[in-house]
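Chain and residue survey
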Amino acid sequence: MRAMPARITRDDVAHVATLARLALDEDELERFTGQLAKVLQHAADVEALELDDVPPTSHPYPLANVLRPDLPGPTLERAEVLAAAPSTEDRQFKVPTILGESP
Amino acid sequence: MTTTSQPTDSLGQPITVPDSADTFVFDASDGSRWELVCGLEVHAELATATKMFSGAPNNFGDEPNTNIDPVTLGLPGTLPVVNERAVELAIRFGCAIGADIRPSVFSRKNYFYPDMPKDFQISQYDQPIVVGGHLELPSGHVVGVERAHLEEDTGKSTHVGGQGRITGAEYSLVDYNRAGVPLLEIVSRPHVRSPEQARSYVAELRAILLATGVNDGKLEEGSMRVDANVSVRPEGSDELGTRCEIKNLNSLRSLGRAIEHEARRQAELRVAGERVRQETRHWNEADGRTHTMRSKEEADDYRYFPEPDLVPVDPDPAWIERIRAALPMLPAARRARLAGASGIDPAAESIAVLVERGQDEQARAAIAAGGDPARVVVHIEQNLAGPGGADLDPSRLAALVALEVGGQLTATQAKQVLAEMLTDPADPAAIAAARGFEAMGTDALAAAVDGVVAAHPAEWEAFRTGDAKARGKLTGFFVGRVMKATGGQADGKAVTALLRQRAAG
């Protein structure tokens, strides 16, 4: 895990906005940088606590191994699903070309 | 030597690269010598009935968009639930390669692409279920495994226009049948040192996945997909060069070719004083080159965070032990066992082929029944590959081999009798007799050889007095004539022996 920088910068916000495909103008970048800095300040408060003996927790519930048996369940009607899509072709969802690739 | 901070893998373990006698070392255009360092990532679809997080069927080749449910489509309000069978198969694989099974956590990998309707893929990040383990290749080279983690597959996009590539495509069509299919991503350490080892690693991995029933091994259907991380360094150096990830490797042949091409490309860049950029490259089978796909995003750019809708998977040790105890014998052990029974080198292609086809038990039984080991293995490899071949009673195969080794049948005749034995339950000797493959008596054979020798005095003189080379050529001539004279019933080896005997006498 990367150590948290002292304060979130305008460049950080611009980078995250790009990843989230958000087009922010100059004013918005400025405003959101301030707002995000305040949100992150809460995390900094937590960092101030002595937590060396507390194991990292991914989840608030004291639960593990919620599993389901490998048994087929109901599927959706294709016609109904495709009817809800903005555009379809040849039994498939038709989408604009997205630049970038799948992971 | 100055100490620098040791590079580490995704789990903080130091990265080491083993030496290998088979390391691919090559000359760049300026005569400098370079060596390959390679790691492989294999995505294996798990052989479950349903998807990773929902009950929609996991079935290749169905009508587009029929194996979909609200979870597959990421509809609002849907929640994922982990498929127990997928966890079991991941554990099974981990046990098979001697890995640790760890408590694991699912994370969201965020990205924007229409092949995942949720706009994120549920994967495992810093706490994968399988850690460590290794594969021993038939050559004896050992490739360590860094990790194997559970995740969900993406949907299938078909790009329309632009020659099927994303670049220049007009639009894309998406089929979500594959979205959510359970995947195990198996990440090797950079222990692969040659294109041949890369092919061998994938073949061995496939054999293990097949033997354990974790995956169906169908590379051609994409149920196993391979990416290669390739870097080069000067021969003898211990540096870790910048690596490129190669995608679109659809066959073992492409894998080997792409790795070699990429290694040479990187060495030429460095020879020219340029640096290798860390990026993802696409292998083009047609032009035999790799092409830039995208510069590598930093892992942080996927903004992984723990999946809030799933709790950790922390398998009970007793469950893990039950899975481990139920593992079948693995390919490496089966190869060693067959090699021991047959006296054939465990690295021989024929041994690997028989084990992969599941015919090693048949071979062992035929050898145990008295069959000559080398002939048993050859017949199973070459003549019992087709339908019904694996069902042939090993004792009948042993009986056939005995006829062949005893000189009653030639190799060609034995092959014909064997083909008939698949449908005819009769004794091999009876089938041979019915076909007129009567044993050619020693006297009859000798008479045939003498007849041919007498009919070709000039050739015989050349054979008798010639050097090894001339003799080798004329052996073919005489064996051919004797075969013709006996209607193919003579055994080539016996004829050769007789010719030598006559010439010496």
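One structure accompanies this document, and this report is about it. (Residues numbered from 1 in each chain as written. Chains lettered and ligands numbered in written order. Predicted model: local features only at pLDDT ≥ 70, side-chain atom pairs only at ≥ 80, totals over all residues. Heavy atoms only, no water.)

Taken in spatial order, the four strands line up as 2(A)-3(A)-11(B)-10(B) in an open sheet, and their pairing is antiparallel. Each edge of the sheet is formed by a strand with only one pairing partner; in this case those strands are strand 2 (88–89) of chain A together with strand 10 (156–160) of chain B. Alignment of strand 10 of chain B against strand 11 (residues 171–175) of chain B, held across five bridges, turns out to be antiparallel. Within the sheet, the bridge partner assigned to H159 of chain B lies in strand 11 of chain B and is S172 of chain B. (Pairing = 2+ DSSP bridges. Helix = DSSP H or I, 4+ residues; strand = E, 2+ residues; numbered from the N terminus.)

Moving on, we get to the pairing of strand 9 (residues 142–152) of chain B. Residue and element names in this part refer to chain B. Of all eleven residues in strand 9, ten are buried, a share of seventy percent or more. The pairing of strand 7 (residues 130–131) with strand 9 spans two bridges and is classified as antiparallel. Looking at strand 9, one finds that V131 is bridged to R147. Two strands pair when backbone bridges link them, and strand 8 (residues 134–136) and strand 9 are joined in this way by three bridges, in the antiparallel orientation. In the sheet register, L135 faces strand 9, and the bridge partner there is V143. (Buried < 20%, exposed > 50% of the residue type's maximum accessible area, 1.4 Å probe, protein only.)

The next subject is helix 2 (residues 26–47) of chain A. Residues and elements named next belong to chain A. The terminal C-alpha atoms of helix 2 lie 31 Å apart, and with 22 residues this matches the ideal 32 Å at 1.5 Å per residue to within 8%. Of all the positions in helix 2, only L29, T33 and A37 are classed as buried. The inward-facing, buried residues of helix 2 contact helix 1 (10–19). The residue sitting at the N-terminus of helix 2 and contributing the capping side-chain oxygen is D25; that oxygen lies 3.2 Å from the backbone nitrogen of D27. (Expected span 1.5 Å × (residues − 1). Contact = heavy atoms within 4.5 Å. Polar contact = N/O pair within 3.5 Å; in protein donor to acceptor, adjacent residues only side chain to side chain.)

Attention now moves to the interface of chain B and chain A. In this complex, chain B contributes 63 residues to the contact, which on the side of chain A involves 38 residues. Interface area, chain B with chain A, both sides summed: about 4,300 Å², of which 59% is carbon and sulfur. On the chain B side of the contact with chain A, F112, L173 and V311 of chain B bury the most area, a combined 14% of that side's loss. For the pair chain B and chain A, the number of links is two salt bridges. Linking E63 of chain B and R78 of chain A is a salt bridge whose minimum nitrogen-to-oxygen distance equals 3.0 Å. The interface formed by chain B and chain A contains 23 residue pairs in polar contact (both at pLDDT 80 or more). The set of elements that each furnish at least two residues to the side of chain B that touches chain A consists of strand 3 (82–83), helix 1 (84–96), strand 11 and strand 16 (289–295) of chain B. Looking at the side of chain B that touches chain A, the element that brings in the most residues is strand 11 of chain B, giving five residues. Taken together, the residues of the side of chain B that touches chain A break down into 34 nonpolar, eleven polar and 18 charged. (Buried area = accessible area lost by both parts, 1.4 Å probe. Salt bridge = Lys/Arg side-chain N within 4 Å of Asp/Glu carboxyl O. Nonpolar A, V, L, I, M, F, W, Y, C, P; charged D, E, K, R; others polar.)

Once that is clear, we can look at the side chain of N110 of chain B. Residues and elements named next belong to chain B. Checked against the element boundaries, N110 lands in strand 5 (residues 106–110). The exposure class of N110 is buried, given its relative accessible area of 14%. There is a polar contact of 2.7 Å between the side chain of N110 and the backbone oxygen of R303. With near-sequence residues (within four places) excluded, N110 lies in contact with D119, F120, D301, Y302, R303 and F305.

One non-glycine residue, D90 of chain A, lies in the positive phi region at around 50°. Structurally, D90 of chain A is set in the loop between strand 2 and strand 3 (92–96). Positive phi, close to 70°, is recorded for D119 of chain B, a residue that is not glycine. Tracing the backbone through its elements, the reader meets D119 of chain B in the loop between strand 5 and strand 6 (120–124).

The next point concerns the packing of helix 9 (residues 394–405) of chain B against helix 10 (residues 411–421) of chain B. Residues and elements named next belong to chain B. Close contact between helix 9 and helix 10 brings their axes to 10 Å; oriented N to C, the two are set at 160°. If you check the angle between helix 9 and helix 10, you find them roughly antiparallel. In the crossing of helix 9 with helix 10, the sense of the turn from one axis to the other is right-handed. Note on element contacts: helix 10 touches helix 9 through A411, A414, V417, L418 and M421, opposite R396, L397, L400 and E404. (Axes fitted to C-alpha atoms, helices over the stretch in contact; angles between N-to-C directions. Parallel < 35°, antiparallel > 145°, perpendicular 65-115°, else oblique. Left-handed = near helix turned anticlockwise from the far one by under 90°.)

Two numbers describe a pair of packed helices, the interaxial angle and the distance between the axes. Residue and element names in this part refer to chain B. Where helix 1 meets helix 4 (residues 317–325), the axes come as close as 9 Å, and the angle between the chain directions of the two elements is 65°. Seen along the crossing, helix 1 lies across helix 4 with a hand that is right-handed. Contacts from E84, V87, E88, I91, R92 and C95 in helix 1 reach W319, I320, I323 and R324 in helix 4. Residues of the contact of helix 1 with helix 4, tallied by class, amount to six nonpolar, no polar and four charged.

For the rest of this paragraph, the subject is the environment of G256 of chain B. Residue and element names in this part refer to chain B. Summarising the element assignment, G256 is placed in helix 3 (residues 252–271). With 28 residues separating them in the primary sequence, G256 and A228 have C-alpha atoms 9.8 Å apart. Beyond its immediate stretch of four places on either side in the chain, G256 contacts P195 and R199.

Turning next to the sheet that holds strand 6 of chain B. All names here are of chain B. Here we have three strands laid out as an open sheet, ordered 6-5-17, and antiparallel in their pairing. If you trace the sheet from one side to the other, it starts and ends with strand 6 and strand 17 (305–306), each paired once. Where strand 5 lies against strand 6, five bridges are found, and the strand directions are antiparallel. Among the inter-strand pairings, N110 is bridged to a residue of strand 6, identified as F120.

All names here are of chain B. Scanning the entire structure with this criterion turns up 41 salt bridges over all chains. Among the ionic pairs, R225 bridges to E45, the shortest N-O distance being 3.6 Å. On the criterion of sequence distance, the pair formed by R225 in strand 13 (residues 224–234) and E45 in strand 2 (residues 33–45) is long-range, its members being 180 residues apart. Accessibility expressed as a relative area gives 23% for R225, which makes it partly exposed. For R277, the salt bridge identified is with E279, shortest N-O distance 3.0 Å. Residues joined in a network through salt bridges with shared partners are E262, R265, R277, E279 and R281.

All names here are of chain B. Counting through the fold element by element, T442 comes out in helix 12 (residues 442–455). Looking at T442, the relative accessible area reads 64%, which means it is exposed. Remark: the alpha-carbon pair of T442 and A490, spanning 48 residues in sequence, is separated by 9.8 Å.

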